[in-house]
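These are the residues of each chain, in order.
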Amino acid sequence: MMWLSRIGLSRCLRATHPFERWYSQIRLFGCSVRKEKDNVVLMGSPGSGKTTVGRILSKKLAMPVVDVDNDFLETYWNMPVAQKLLEVGHGKFVEAEGKAFMNFNISNHIVSLTGSNPMYRPAQDHLRSLGPVVYLDVDDKIVTDRLEILKNLRIVGEYSGQPIGDTLKYRKQFYEGVHDIRILVRNDETVEETAEKVLKELKLHQAQDGYRSTRSAHEVSSGQRKSFLDVVREGLAQDGGLYVPSGDIPVLHSGELSRLIGLSYKDLAQRLLERWLSPQDLHPRLLSQMVSSAYNKDIFDCAKVCPTIHLKDNIYVMELFHGPTASFKDFALQLMPQFFQKAICCDGLPKHKYLILVATSGDTGSAVLDGFIRHTDPESTKLMVLYPEEGISDIQKHQMASVRGRNVQVMGVQSDFDFCQTTIKDIFNDNTINNKLLTNFNTKLSAANSINWGRLLPQVVYHVSSYIDLVKQGVVAMDDKIDLCIPTGNFGNILSAYYAKKMGLPIRRLILASNKNNILTEFFQTGCYDLRSRNLKVTMSPAIDILKSSNLERFLFHKSGGWHQNVDAYYSALGEKKFFQVSEQFFQELQQDVVADWCSEDDCSKTIRSTFEETGMLLDPHTAVAKTVAGRHNQGDIPLVIAATAHYAKFAPDVLKSLGASTEGSPSEMLDTLEQIGGKPIMHRRLKETLLRERVHKTMCSPMKGEILKELISFADKQ
């Protein structure tokens, strides 16, 4: 082609450069697809700095740079681009440019796209085939100011009288999903800093760190990379450990956090999860579809999805109960099933059937059922949920037991949650059982509890959302610190807050709130995790009635710097001797991140009543546990956010009793009584509708692994 003479034909020959291997093999849409060319493609709005960044990268990577506007289109058309725009008009220019771009073929270059190249959808596949597409995501105000200085008069879509901001906003919908890597550019960022971020991201994705177990270096030493979809599909590592990222936790600069202000929850989730997920594992285009399916008005009753409201003085409440099953579990379980469906169908149709085996302490079960039924194929996935028969509320029980579906089995166990969870882990680690399921029924097991990394990761988003809400409300300025109090039993919710803190969210203290099953409080106060004299106690906050806290393992792994030998030793001791003790030095390090306390049933009940009398706000018992503990540790100097993990109506009898109201009548009638009391927030509409469904699951079994296995095999055999 003629234009090659402008940059030198010899420079177009393929050369070896640091990222060539990654360029030639990248995964699109979660599956491996070969990239045909080894370029770095820069995409973004006009004025986003593509050309300047491209020149810097050209020097650093010793790769020639080509500008599609100046080096290709003008020669291809034999006229300036501005003249072509005037010739064909705004309405037809994108198509004309796109058709010309289909003839653009080059290897081993830094390619700076025009701002309108991605707008011609038939050319998008060709664009992606050129190499990894790096999106310079620059704030529209910054771009507008630059364009004003440049007096750029050939922006496609800029019609007379139309604000340039509207044009830029319109264009961005075409950029989303085309990119492999997003560079969230700070408003005060120099082009040199942007170029360095591009280099860093390219190196990061070339490394393909993958995931490893908390208990061994097997996945690292074997050279067999575990992808995100691998660990979602498998749930638990083969050595009994939990999967964690092999690489570093991604970090957001405060200027990047500032760029997230004003985004919808869906868009916020997209940008945050992109930082955790390699495009080789799950492409942003597919992630965007999943996030849109998870966080919309048909799923969450509140337009903000996760609002943070003022309660009293310096205390704020993060409302995590506006999803379809009225608990914080919905945030992950409207997304994780979509991850799972992709994981089992990456190479086409699933080779095996899968049985999702879940233990629930109350909220997880109904959220799993709703999410998997809504987002997965019943022909390939079955769901079996175990719950402690006497350990959850009647409303929680009815939510699960009334779910219909031939691929669903809900079963009560005459024991506690710890027994259910331990039994499930034992089944996962029993090769005989797994081989029998595979051989006889072509079925593999997987998990949807927070032991599954795909279940835990989405929870990071709402902690960031809550902080940004406080910034928007003027409660804090960006970089001001907050305290965060979370009721926890399995340590998953507070661990996701720890990840948010490690990402750069300015959290001063993570305050862990336990009920009288206070083994986590004891651990963070003594450094000893001791089950020897413990019996689980049934409380009015059943979701945290847990003694064997699974996600503490991940926290110990991170805090020990990834020293898996120590983690393995801790949990071997816990299994054999029912306790472990950390060193004094390590104990001091743990206390730097977590403050722990607990409250009695009486204190929890008093908090429900006093909070209602003082603020008109009704709290569920779990949130009341957090409010009680937060009150003891509130220093009053900075905002303190409480995670409201469930809607109060899920625990109507205990809430009514705490208020001194009548608890007579059916669950539905008790919800009517709560509505008459008139507390905030309003009644959860879908929860009330759930109580009108007929209960269809009535199976109950004794606390014997053999009996549970019998039900499991029977369910696997069911057509």
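Refer to the preceding data block for the structure.
Every chain begins its residue count from 1, and numbering advances along the sequence as written. The predicted origin of the model limits local features to residues at a pLDDT of at least 70 and limits the giving and counting of side-chain atom pairs to 80 or more, whereas totals for whole chains, interfaces and linings rest on all residues. Side-chain measures here rest on the full set of heavy atoms in the structure, leaving out hydrogens and waters.

Asker: Give me the packing of helix H31 (residues 652-659) against helix H32 (residues 667-677): which residues, what numbers.
Answerer: Interaxial angle, 0 to 180 degrees, is taken between N-to-C directions of lines fitted to C-alpha atoms, where a helix line uses only the stretch in contact. Numbering of helices and strands starts at the N terminus; helices are DSSP runs of H or I of at least 4 residues and strands are runs of E of at least 2. At their nearest, the axes of H31 and H32 sit 10 Å apart, and the two run at 45° to each other. In this view, H31 runs oblique relative to H32, as classed from their interaxial angle. Relative to H32, H31 is oriented so that their crossing is left-handed. Where H31 abuts H32, its residues Ala652, Pro653, Val655, Leu656 and Leu659 lie against Met670, Leu671, Thr673, Leu674 and Ile677. A per-class count over the contact of H31 with H32 returns nine nonpolar, one polar and no charged. For classification, angles of less than 35 degrees are called roughly parallel, those exceeding 145 degrees roughly antiparallel, those between 65 and 115 degrees roughly perpendicular, and all remaining angles oblique. Crossing handedness is defined as follows: a turn of the near helix away from the far one that is anticlockwise and smaller than a right angle gives a left-handed crossing, while the clockwise case is right-handed. For this analysis, residues touch if any pair of their heavy atoms sits within 4.5 Å. Residues were grouped as follows: Ala, Val, Leu, Ile, Met, Phe, Trp, Tyr, Cys and Pro as nonpolar; Asp, Glu, Lys and Arg as charged; and all remaining residues, including Gly, as polar.

Asker: Could you give me a rundown of the nonpolar core, with the residues and numbers involved?
Answerer: Remark: nonpolar core denotes a set of buried residues (Ala, Val, Leu, Ile, Met, Phe, Trp, Tyr, Cys) joined through side-chain atoms within 4.5 Å. Think of it in three bands: residues with accessible area under 20% of the maximum for their type are buried, residues over 50% are exposed, and the middle band is partly exposed, with areas taken using a 1.4 Å probe on protein chains only. In this structure, Phe228, Tyr295, Tyr499, Phe524 and Leu552 are the most contacted members of the largest nonpolar core, which totals 113 residues. Among the elements that line this core, the one with the most residues is helix H23 (residues 459-472), at eight residues. Excluding anything up to four places from it in sequence, phenylalanine 524 contacts Phe491, Leu512, Leu552, Phe555, Phe587, Leu590, Gln591, Val594 and Ala596. Residues Met617, Leu618, Ala624 and Leu691 belong to the second largest nonpolar core, which totals 37 residues.

Asker: Please give an account of helix H17 (residues 336-344) that cites residues and values.
Answerer: Taken across its nine residues, H17 has nine buried, putting it largely inside the fold. Every buried residue belonging to H17 is among Met336, Pro337, Gln338, Phe339, Phe340, Gln341, Lys342, Ala343 and Ile344, and all of these are buried.

Asker: Give me the packing of helix H3 (residues 50-61) against helix H10 (residues 191-207): which residues, what numbers.
Answerer: Each pair of packed helices can be summarised by the angle the axes make with each other and by the distance between the axes. Closest axis-to-axis distance for the H3/H10 pair is 9 Å, and the angle between their directions is 55°. On the basis of their axis angle, the class for H3 and H10 is oblique. In this structure, the crossing between H3 and H10 has a hand that is right-handed. Touching Thr52, Val53, Ile56, Leu57, Lys60 and Leu61 of H3 are Val191, Glu192, Thr194, Ala195, Glu196, Val198 and Leu199, all from H10. Per-class residue counts for the contact of H3 with H10 are eight nonpolar, two polar and three charged.

Asker: Can you lay out the packing of aromatic side chains for me, pointing to particular residues and giving the numbers?
Answerer: Note on aromatic pairs: the rings of Phe, Tyr and Trp (six-membered ring only in Trp) are paired at centre separations within 6.5 Å, and the planes decide the class, stacked below 30 degrees, edge-to-face beyond 60, tilted for the rest. For the structure shown, the criterion picks out 32 aromatic pairs. An angle of 65° between the planes, with centres 5.7 Å apart, marks the rings of tryptophan 77 and phenylalanine 93 as edge-to-face. With a gap of 16 residues between them, tryptophan 77 in helix H4 (residues 68-77) and phenylalanine 93 in helix H6 (residues 90-101) connect regions that are remote in the sequence. The rule is short: NZ of Lys or CZ of Arg within 6 Å of the ring centre and within 35 degrees of the ring normal puts a charge over the ring. Over the aromatic face of phenylalanine 715 sits the side chain of lysine 382, whose NZ or CZ is 5.1 Å from the ring centroid. Directly above the ring of phenylalanine 579 sits arginine 532, whose terminal nitrogen or CZ lies 3.8 Å from the centroid.

Asker: Talk me through empty space enclosed by the protein; I want residue IDs and the actual numbers.
Answerer: Unfilled space is identified by rolling a water-sized probe across the atoms. Only protein atoms enter the calculation, which uses a 1 Å grid: trapped sets of points that fit a 1.4 Å probe without letting it out are cavities, open sets showing protein on both sides within 12 Å along at least five of seven lines are pockets, and any residue with an atom within 4 Å of a point is a lining residue. Grid points are joined across faces, edges and corners, and a volume is the space filled by probe spheres set on the points. Taken as a whole, this structure holds five cavities of 30 Å³ or more when the rule is applied. A volume near 230 Å³ is recorded for the largest cavity. Around the largest cavity sit 22 residues that line it, and Phe328, Lys329, Arg455, Asn490 and Ala543 are the ones nearest its centre. Taken together, the residues of the lining of the largest cavity break down into eight nonpolar, twelve polar and two charged. Of the pockets and cavities examined, the second largest cavity occupies roughly 50 Å³. Every residue lining the second largest cavity is counted, 13 residues in all, and those nearest its centre are Phe321, Leu618, Leu619, Ala644 and Ala646. Classifying every residue of the lining of the second largest cavity gives nine nonpolar, two polar and two charged.

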